[in-house]
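For reference, the chains in residue letters:
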Amino acid sequence: MAGSTVTIGTRGSKLALWQANWVKDAIRAHHPDVPVELAVIKTRGDKILDVPLAKVGGKGLFVKEIEEALLDGRIDLAVHSMKDMPADIPEGLCIGAIPGREEPRDVLITRSGQPLDLMKTGSRVGTSSLRRSAQLLHVRPDLIIVPLRGNLDTRLKKLQSEPLDAIVLAAAGVRRLGLADRITQILDESVMLPAVGQGALCIETRDKDPRIASVVAALDDLPTRKVVMGERAFLNRLEGGCQVPIAGHGHIDKNGYTITGLVCDVDGSHQIKQARTGPDTRSEQIGLELAEALLAEGAGEILERLNADAQQ
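Now for a description of the structure that goes with this document. (Residues numbered from 1 in each chain as written. Predicted model: local features only at pLDDT ≥ 70, side-chain atom pairs only at ≥ 80, totals over all residues. Heavy atoms only, no water.)

**Describing the sheet that holds strand β10 (residues 201–206)**
Right, so step 1: Read across the sheet, five strands follow the order β2-β1-β3-β10-β4 without closing on themselves; strand pairing throughout is mixed. The outermost strands of the open sheet, each flanked by one partner alone, are β2 (36–40) and β4 (93–97). The sheet shows a mean angle of 35° between the axes of neighbouring strands, taken without regard to direction.
Right, so step 2: Here four bridges tie β4 to β10, and the two strands are oriented antiparallel to one another. Considered in β10, the bridge of Ile95 is made with Glu204.
Right, so step 3: Each of β1 (6–10), β2, β3 (77–81) and β10 is contacted by helix α1 (residues 14–30), which is oriented at about 160° to β2, the strand it contacts most. (Pairing = 2+ DSSP bridges. Helix = DSSP H or I, 4+ residues; strand = E, 2+ residues; numbered from the N terminus. Axes fitted to C-alpha atoms, helices over the stretch in contact; angles between N-to-C directions. Contact = heavy atoms within 4.5 Å.)

Next up, the structure:
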């Protein structure tokens, strides 16, 4: 496999660099003769830090510039957090590999060290995720949600520097940066269903690039791919982005593939949640069936209303 240098495109945050370096090391482990380097690319999402994601365009904010570099050949592959990936992949690109998944759940980090059910009425919780805030308000409508943007380390600092009692983050990022000791509580899925793809990495490549396909092939974890692609099929059918509170998480066990999905009003007042199970070879079809079930139960009306509000 010796040959020209493989260039990995990545955002410049600590977490993004950790993820890109993990992929770099994994490629070197399988192909020690292949030179690998990183190219840091600033995305629109990295530049706009004072506006909630739902107001500025959602998920594509963190990948568009990197995908443009991949399409025009400035980089050979891109490493993203899977939960940042829009439902639609640009023509000419594909998900080349999905490595084994980290912890997919969300975590609560509080100043007081108290878990969610013991937090005082009126406690201020920082998050700009509609999915997180809606589910928090569903179980604790007495909390105050405070918009919070920035990289993971920035948000942790803001917990101390701003009038916040707690923040909610993805467990995977906290653990990858060696900050697990900061976690107050891992939120159970019955309280906080994860985002589609949360905890998984996306290695994006050009879909007609056999050299890079062979480089990343060994990094693909088939069970994780089945689970995540089922989640993404669910999201794609609902046409979901950051403007609406949608959650979806699947897993494989001896009974096959199970995926749980949720659509919720922003204030948490109305939540539609179901699960579907079937053979893991049909994960994407099962994800689609789950989406149809939620739509039949009224999720379409919620999504239509929230999308209309987001465009105003």
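That shown, we press on.
**Here's the deal with the environment of Lys226**
Right, so step 1: Within the secondary structure layout, Lys226 lies in helix α9 (residues 222–238).
Right, so step 2: As for Lys226 and Ser283, which are separated by 57 residues in sequence, their C-alpha atoms are 6.0 Å apart.

**Remarks on the side chain of Asp209**
Right, so step 1: Examined against the element boundaries, Asp209 turns out to sit in the loop between β10 and α8 (210–216).
Right, so step 2: Looking at Asp209, its side chain comes within polar contact range of the side chain of Arg206, at 3.0 Å. (Polar contact = N/O pair within 3.5 Å; in protein donor to acceptor, adjacent residues only side chain to side chain.)

**Thoughts on the pairing of β10**
Right, so step 1: Buried residues dominate β10, accounting for six of its six residues.
Right, so step 2: Relative to β10, β3 runs antiparallel, the two sharing five bridges. Its bridge partner being in β10, His80 is matched across the sheet by Cys202. (Buried < 20%, exposed > 50% of the residue type's maximum accessible area, 1.4 Å probe, protein only.)

Everything listed is a geometric property; what it means functionally is a separate question.
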